[in-house]
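Next come the chains, spelled out residue by residue.
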Amino acid sequence: MTPVSSHSPLGQAPLRTVQVLGGGNAGSSAHVRSLAAGLVARGVKVTVCAPAEAERTYDFTGAGAGHTHVPRSSDPVSVAALRAVCADADLVHAHGLHASFRAVLALGGRRVRTPLVVTWHDRAHAEGARAHLLRVLERRVMRAATVVLGATSDLVDRARLTGARDARLGPVALPGRPSRAAGPEDPDPTHAKIRAELGAVGRPLLIAVGSLEAHRGYGVLLDAARGWRRLDPAPLVVVAGEGPLRGELQRRIEDEGLPVVLIGRRDDVTDLLAAADLALLPIHRGAGRSVLAQEALHARLPLVAGDTGGLRELVGDAAELVPAGDAAALGDAVVGLLGDAARREALSDRGVRQAATWPTEDETVAQVLSVYDELTRPTPLR
C-alpha cells in the first residue's frame, strides 16, 4: 500500500475539496466514497455534495468527509446551495454529466476561478430531443472543466472531440471485492442456498445485472435464451435489475416459455455472481468501465459479453466477447462454455490476472491527488 502522506503541512491549511455527486449511479457513488476516504487519510478536507439518500447508502461522513444535501435537480435553489458550499473550496471535483453541469453553474461568474475536475464515468443514454440536450450539456461541461478524467480511452477521446481543454485517462477503481475460491466445486453454503432459492439446483446458473432498459440488450438475451431451452439440463438465466421494460420482458418470457427469471433490484449482487456459472452482458452501450464485467472477473466468474463500448480495453482476453446484438453468437458462446469446463477455468484464471492490472483504490486516490496538486500549486513568481 502506498504510504499515506499529509497534504496539510505544518502551518498551512489543508487542501479543501468539494466532491459533487448526482447520486443516481452506484459506480460513481462508490467511487466517491472510496476517493473521500483516501483523500481524508492524506490530510485533505473533503465535503461531498449529494442527495441525502446517497449519504444514507454510502456513508460519506463515515469515511471522514463532510456531507451537504444537494438535490439532483439543477434548479436555482439547488445550484445556490452548491455555490455556497463551493465558495471556500480550493478545488471542485464533479462526477458524472449532470453533477458536473450543476458544478459549472455553481462556479460560473466567480472572480477567482476555482479549478473544476470532472470525472466522466460513462456516457448517458437518450433518444430524440433528450439526446440533443445531453450533447449540449456535454459541450458545456467539457469546455468549462479545467481537467476531464475519462474512465476509458473512448471517453477521453469523446471529451477532446467535445471541446475539453485537458482530457486524461483516469480509470476508476472498483472498491475491493473478495474473490471466490478457485476450482469447479463451490463449498460455500451461502452460494448453494442462493442457487436453491433461485431454482438453479442441478442446472447451470447464468447471471445478468443491470437496469431493464433498451440499451442493455435484454431483447438479444431473450432471443439467445430460446436456443438454450433445448439443452439438458436447460440453464436458468437470472436478471437482477429493475426498469421500464420489465412488463414487456416478462410477457416475452411467459409467452415463449423462456428459462429466464426477473428478480428485480438486489443488494447481494456479489453473492449472486459468486454462486453463478456464467455472467452475461449482452450489450454494453456506454463507453465507461462496466461494473458487472469488473465484478465478474474479480469473482473468477467467466463472462460472455457483447464487444462494445471499450469493453475489450477493460477485459482483454479474459472474457468471451461476441458481436454486439448477435443473439446467435451469444447463444453459441454460452453453449460452448457450458460444455467446456477447461475453457471456463482458463477464463477464470485470465480474469484474475486481468483484474490485477486494474488500478487499486489506493492508486486511484494517488492519481487524483496528483491532479489536485498540479491545479492548486502556487504559480512561482518570475
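Coordinates for the structure precede this section.
Thresholds, definitions, all that
Residues numbered from 1 in each chain as written. Predicted model: local features only at pLDDT ≥ 70, side-chain atom pairs only at ≥ 80, totals over all residues. Heavy atoms only, no water. Helix = DSSP H or I, 4+ residues; strand = E, 2+ residues; numbered from the N terminus. Buried < 20%, exposed > 50% of the residue type's maximum accessible area, 1.4 Å probe, protein only. Contact = heavy atoms within 4.5 Å. Areas by Shrake-Rupley, 256 points an atom, 1.4 Å probe, with all protein chains shown as cover. Pairing = 2+ DSSP bridges. Axes fitted to C-alpha atoms, helices over the stretch in contact; angles between N-to-C directions. Lys, Arg positive; Asp, Glu negative; His and termini not counted. Salt bridge = Lys/Arg side-chain N within 4 Å of Asp/Glu carboxyl O. Phe/Tyr/Trp six-rings, centres within 6.5 Å; stacked < 30°, edge-to-face > 60°.

Student: Just to check I follow, could you spell out the overall build of the protein chain for this structure?
Tutor: Scanning the protein chain from N- to C-terminus turns up 15 helices and 13 strands. The buried share among the 382 residues of the protein chain stands at 49%. For the protein chain, the proportion of contacts with a sequence separation of at least 24, taken over those separated by at least 6, is 68%. Counting only carbon and sulfur atoms, one obtains 52% of the accessible surface of the protein chain, whose full area is about 17400 Å².

Student: Is there a simple way to explain the sheet that holds strand β11 (residues 278-281) in this structure?
Tutor: Pairing between sheet strands relies on hydrogen bonds along the backbone, with the strands arranged either parallel or antiparallel. Within the open sheet, the six strands sit side by side as β10-β9-β8-β11-β12-β13. Their pairing is parallel. Sheet topology places β10 (260-264) and β13 (320-322) at the edges, where each strand pairs with a single neighbour. Each strand axis lies, on average, 20° off the axis of its neighbour in the sheet, ignoring direction. One ladder, built from three bridges, connects strand β12 (residues 303-306) with β13; its direction is parallel. The residue bridging Ala305 from the neighbouring strand is Leu321, located in β13. Helix α11 (residues 291-298) contacts β8 (205-209), β11 and β12 of the sheet and is inclined by roughly 165° relative to β11.

Student: Honestly, the side chain of Arg102 in this entry has me stumped. Any pointers?
Tutor: On the secondary structure map, Arg102 appears in helix α4 (residues 97-107). The side chain of Arg102 is buried and forms no salt bridge, while Asp75, the nearest opposite charge, is found at 8.4 Å.

Student: It is not clear to me how the pattern of salt bridges should be interpreted in this structure. Could you clarify?
Tutor: Oppositely charged side chains can form a pair if their charged atoms are brought close together. All told, the structure shown has 17 salt bridges when counted by the stated rule. In this structure, the salt-bridge partner of Asp349 is Arg300, at a minimum N-O distance of 3.0 Å. Highlighted residues: Asp349 in helix α14 (residues 341-355) and Arg300 in the loop between α11 and β12, separated in sequence by 49 residues. Residue Asp349 is classed as partly exposed on the basis of its relative accessible area, which comes to 29%. Overall, the relative accessible area of 9% leaves Arg300 in the buried class.

Student: How do you make sense of the pairing of strand β5 (residues 116-120) when you look at a structure like this?
Tutor: Sheet faces and side chains relate simply in a regular strand, where the side chains alternate between the two faces. The buried count for β5 comes to five of five residues, which makes it a mostly enclosed element. Going residue by residue along β5, you find Leu116, Val118 and Trp120 tucked away on one face and Val117 and Thr119 tucked away on the opposite face as well. Where β5 lies against strand β6 (residues 147-150), four bridges are found, and the strand directions are parallel. Following the sheet pairing, Val117 is matched in β6 by Val147.

Student: What am I meant to see in the packing of aromatic side chains here?
Tutor: The description of an aromatic ring pair rests on the distance of the ring centres and on the angle between the ring planes. Tallying each qualifying case throughout the model produces one aromatic pair. Each ring, one from Tyr58 and one from Phe60, has its centre 6.3 Å from the other, and the planes form 20°; the classification is stacked. Looking at Phe60, the relative accessible area reads 0%, which means it is buried.

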